[in-house]
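Chain by chain, the residues:
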Amino acid sequence: MTSEVSLPAEWDDDERMNFLFSDFKENRDVNTTDWDSKMDFWTALILKSCRDRGSVCVNLQDLNQTFRRQDRSPLGLPTVLQSMARCGKIQRESEFAANVDCGWLSWGVGLLLVKPLKWTFSTLLGSSRVPLEESFVVIELVKEKAAELLRAYHSSEFSNCSIVSFQELCSFSSDVCADESTLCMALLQLQRDKQVTVSLHEGEKIVKFCQPGQERVSPVSDVDVGIYQLQRSEKLLGERVQKLSLEANKCKEEARVLLREGKKSQALRCLRGRKRVERRADNLFAKVESIREILDRIAQSQTDKMVMQAYQAGVAALRLSLKDVTVERAESLVDQIQELCDTQDEVNEALSTGVTAAGLLFYEDVDELEDELKSLLEESKPDSISGLPAVPTKGLQPSGEPFLSSLPDAPRSHLNITAEQLEEELNKLTLTDSGLYFLHFFLWWTVVYVFRNNIRSTLCLGSQKKKVTSPAKRLEPAQ
């Protein structure tokens, strides 16, 4: 058994293992550090060994054999088991089974309850010695096994069946539970958690699992038993139909062989037997179809029952929510809302009329303020502006042409200088005071030249437009 458990690395340290294999002192307060260190080591190792072996139960005899080293067994294992029992990490099998409903004790895996009762009585008599064969259930591991068993059921082909037999349960849980004892402990834990219930039907153990959407499993009812019997009958009849089909095929092959051998009469008998087998198979298949139809109707009735319950719950909730709601009260509320809306419309109309009158007065005041502002601007004009000539209000007359003639003519030919010459002259310039002055003067003269040409072009265009439009003005009647 030691080869099945992976031991820690410090197992080869003689000095460390001599300390761990020694017995605990009678009083923990003498050296709490050593006591706790040794207790933690053996507690973790016991849990690890059980998990490696796939078991949820331990006893002192197996632990002594598992942890035997150099022909020695740990002396403190009884103390470790007692400490784990006090902390609730392990529990006697008899106590574990007794905490479940009495229905378990009727079939309650009697092989688990014979030996634990002996230690129960010895405990009552005041003995504190741990028997070698006393079995304990590791609570942490049995909860893990229970969860794995529940997942195995939901992933199996029996997930659509709420009730399964104990033999079927053993078949699909063989990879989860190593033996029947482990399976029974996992079932006990599931029944503690209200996820399964176990009962006897005609001497057969049946297990009912909690279905999706349910928080806890319901007791086994007559309907559940009837559905279970129908499912069993369907399965048995299906197996018989399959056997008859194989038998019919066998008769057909025998008839073919006899016909090849020239035994025609025997071949005819085989064919007659094949026809009888096929008729029996057809009759059984019709019965299977009837059972399936009944199961479908039962499933549909259960669905209808759920829908009816949902309808009833909805009606009750709706009645409760409409308890204080009546048609008269609703009409009264609508009338009150309409009155309030009318009142609000009247108030808004009155306020909008007042705002319009106030707005007219405001606009009149604005005109007066603009006149006053204009007079202030005229008074605040500087004297230098008053000395300037008045801005002409009339268009330019033809008499303004002498002003244009006084301006120099715009050059109509290209400058007698090339771009290379200009670039050469520019490179000769240096950034001295005279050079900067010359550059500024050149830029200023260029801007003036361009501006003067633009003014000449604009004035010429204006004169031409005026000459074109002047005859039209002379044709207008006098005002």
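Residues numbered from 1 in each chain as written. Predicted model: local features only at pLDDT ≥ 70, side-chain atom pairs only at ≥ 80, totals over all residues. Heavy atoms only, no water.

Participant: Can you help me understand the overall build of the chain in this one?
Facilitator: Across its full length, the chain holds 17 helices and 6 strands. Counting only residues that meet the buried cut, the chain has 27% of its 479 residues in that class. In the chain, 67% of the contacts between residues at least 6 apart in sequence involve partners at least 24 apart. On the chain, roughly 34,300 Å² of surface is accessible, and the fraction owed to carbon and sulfur atoms is 56%. (Helix = DSSP H or I, 4+ residues; strand = E, 2+ residues; numbered from the N terminus. Buried < 20%, exposed > 50% of the residue type's maximum accessible area, 1.4 Å probe, protein only. Contact = heavy atoms within 4.5 Å. Areas by Shrake-Rupley, 256 points an atom, 1.4 Å probe, with all protein chains shown as cover.)

Participant: Explanation requested: a nonpolar patch on the surface in the structure shown.
Facilitator: Judged by side-chain polarity, V307, M308 and Y311 come together as a nonpolar surface patch covering roughly 310 Å² of accessible area. Relative to the elements of secondary structure, V307 occurs in helix α12 (residues 264-321). (Patch = residues over 30% accessible without salt bridge, like charges linked within 9 Å, V, L, I, M, F, W, Y side chains within 5 Å. Salt bridge = Lys/Arg side-chain N within 4 Å of Asp/Glu carboxyl O.)

Participant: Honestly, the sheet that holds strand β4 (residues 163-165) in this entry has me stumped. Any pointers?
Facilitator: Consider a sheet: its strands pair through backbone hydrogen bonds, and that pairing is either parallel or antiparallel. Strand order in the open sheet made by the 3 strands is β4-β6-β5, with antiparallel pairing throughout. The open sheet terminates on both sides in strands that have one partner only, identified here as β4 and β5 (196-201). With strand direction ignored, the average angle separating the axes of adjacent strands in the sheet is 30 degrees. Here β4 pairs with strand β6 (residues 204-209) via 3 bridges, running antiparallel. Each bridged residue has a counterpart across the sheet, and for V164 the counterpart in β6 is V207. Against the sheet, helix α10 (residues 180-192) makes contact with β5 and β6, and its axis sits at roughly 115 degrees relative to β5, the strand it touches most. Against the sheet, helix α11 (residues 222-260) touches β4, β5 and β6, its axis set at about 55 degrees to β4. (Pairing = 2+ DSSP bridges. Axes fitted to C-alpha atoms, helices over the stretch in contact; angles between N-to-C directions.)

Participant: Help me out: how do you make sense of the state of the cysteines in this one?
Facilitator: Here is the idea: a disulfide is a covalent bond, and it sits between the sulfur atoms of two cysteines. All chains considered together, the criterion is met by 0 disulfides. Of the cysteine sulfurs around C57, a residue in no disulfide, the closest is that of C50, at 8.3 Å. Among the cysteines around C251, which has no disulfide bond, C270 carries the closest sulfur, lying 6.2 Å off. Classification of C251 as buried rests on a relative accessible area of 14%. (Disulfide = S-S within 2.5 Å.)

Participant: What exactly am I supposed to notice about the packing of aromatic side chains here?
Facilitator: The geometry of an aromatic ring pair is captured by the separation of the ring centres together with the interplanar angle, meaning the angle of the planes. Taken as a whole, this structure holds 8 aromatic pairs when the rule is applied. An angle of 45 degrees between the planes, with centres 6.4 Å apart, marks the rings of Y153 and F172 as tilted. Taken together, the positions of Y153 in helix α8 (residues 139-154) and F172 in helix α9 (residues 166-172) put the pair 19 residues apart, joining distant regions of the chain. Given a relative accessible area of 16%, F172 falls into the buried group. (Phe/Tyr/Trp six-rings, centres within 6.5 Å; stacked < 30°, edge-to-face > 60°.)

Participant: Would you mind showing me how to read helix α1 (residues 14-21) here?
Facilitator: In an α-helix, one turn spans 3.6 residues, which is why side chains three or four residues apart end up on the same side. By the burial criterion, the buried members of α1 are M17, L20 and F21. Here the buried residues of α1 occupy an arc of 95 degrees about the axis, which is enough to place them on one side. Measuring from the side-chain oxygen of the N-cap residue of α1 to the backbone nitrogen of E15 gives 3.4 Å; that N-cap residue is D13. (Arc of directions from axis to C-beta. Polar contact = N/O pair within 3.5 Å; in protein donor to acceptor, adjacent residues only side chain to side chain.)

Participant: Please explain helix α2 (residues 32-53) as it appears in this structure.
Facilitator: The terminal C-alpha atoms of α2, which comprises 22 residues, lie 32 Å apart, in line with the 32 Å expected from a rise of 1.5 Å per residue. Where α2 is concerned, the buried positions are W35, K38, M39, F41, W42, T43, L45, I46, L47, S49 and C50. Close packing links the buried residues of α2 with α1, β1 (57-59), α3 (60-66), α4 (77-87), β3 (135-138) and α8. Directly beyond the C-terminal end of α2, a positive phi value near 70 degrees is found at G54. (Expected span 1.5 Å × (residues − 1).)

Participant: Can you walk me through the nonpolar core in this structure?
Facilitator: For soluble globular proteins, nonpolar side chains are generally found buried alongside one another. Membership of the largest hydrophobic core comes to 36 residues, with the highest contact counts inside it found for W42, I46, F67, L81 and M185. Those residues within four positions of F67 in sequence are excluded, and the remaining contacts are L7, W11, F21, W42, L45, I46, S49, R72, P74 and L77. Residues Y153, C161, C184 and V207 belong to the second largest nonpolar core, which totals 22 residues. (Core = buried A, V, L, I, M, F, W, Y, C linked by side-chain atoms within 4.5 Å.)

Participant: Got a minute to help me understand a positive patch on the surface in this structure?
Facilitator: On the surface, R269, R272, K275, R276 and R279 cluster together to form a positively charged patch. Inspection of the secondary structure puts R269 in helix α12. (Lys, Arg positive; Asp, Glu negative; His and termini not counted. Charge placed at Lys NZ, Arg CZ, Asp CG, Glu CD.)

Participant: How should I be thinking about the sheet that holds strand β2 (residues 90-92) in this particular structure?
Facilitator: Taking strand neighbours across the sheet as the criterion, the 3 strands line up as β1-β3-β2 in an open arrangement whose pairing is antiparallel. What marks the edges here is a single partner per strand, and that holds for β1 and β2. Ignoring strand direction, the axes of neighbouring strands in this sheet form an average angle of 40 degrees. Of the pairings in the sheet, the one linking β1 to β3 comprises 3 bridges and is antiparallel in character. If you follow C57 over to β3, its bridge partner there is V137.

Participant: Teacher, can you tell me more about unusual backbone geometry here?
Facilitator: Trans is the prevailing form of peptide bonds, just as negative phi is the prevailing case for residues other than glycine. Although it is not a glycine, K194 sits at a positive phi angle of roughly 65 degrees. On the secondary structure map, K194 appears in the loop between α10 and β5. Although it is not a glycine, E202 sits at a positive phi angle of roughly 55 degrees. Examined against the element boundaries, E202 turns out to sit in the loop between β5 and β6. Of the residues examined, E202 reaches a relative accessible area of 71% and is grouped as exposed.

Participant: Got a minute to help me understand the confidence of the model for the chain in this structure?
Facilitator: The predicted structure's coordinates, where accompanied by low pLDDT, should not be read in detail. Within the chain, residue pLDDT values average 76, and 70% of them lie at 70 or more. Of all helices and strands in the chain, the one with the weakest mean pLDDT is helix α7 (residues 114-124) (41), whereas α8 scores best (91). (pLDDT = per-residue confidence, 0-100.)

Participant: Mind showing me how you'd approach the pairing of β6 here?
Facilitator: By the bridge criterion, 6 bridges tie β5 to β6 in an arrangement that is antiparallel. Note that in β6 the partner of V196 across the bridge is F209. From the end of β5 to the start of β6, which pair antiparallel, there are 2 residues, and E202 there has a positive phi angle of about 55 degrees.

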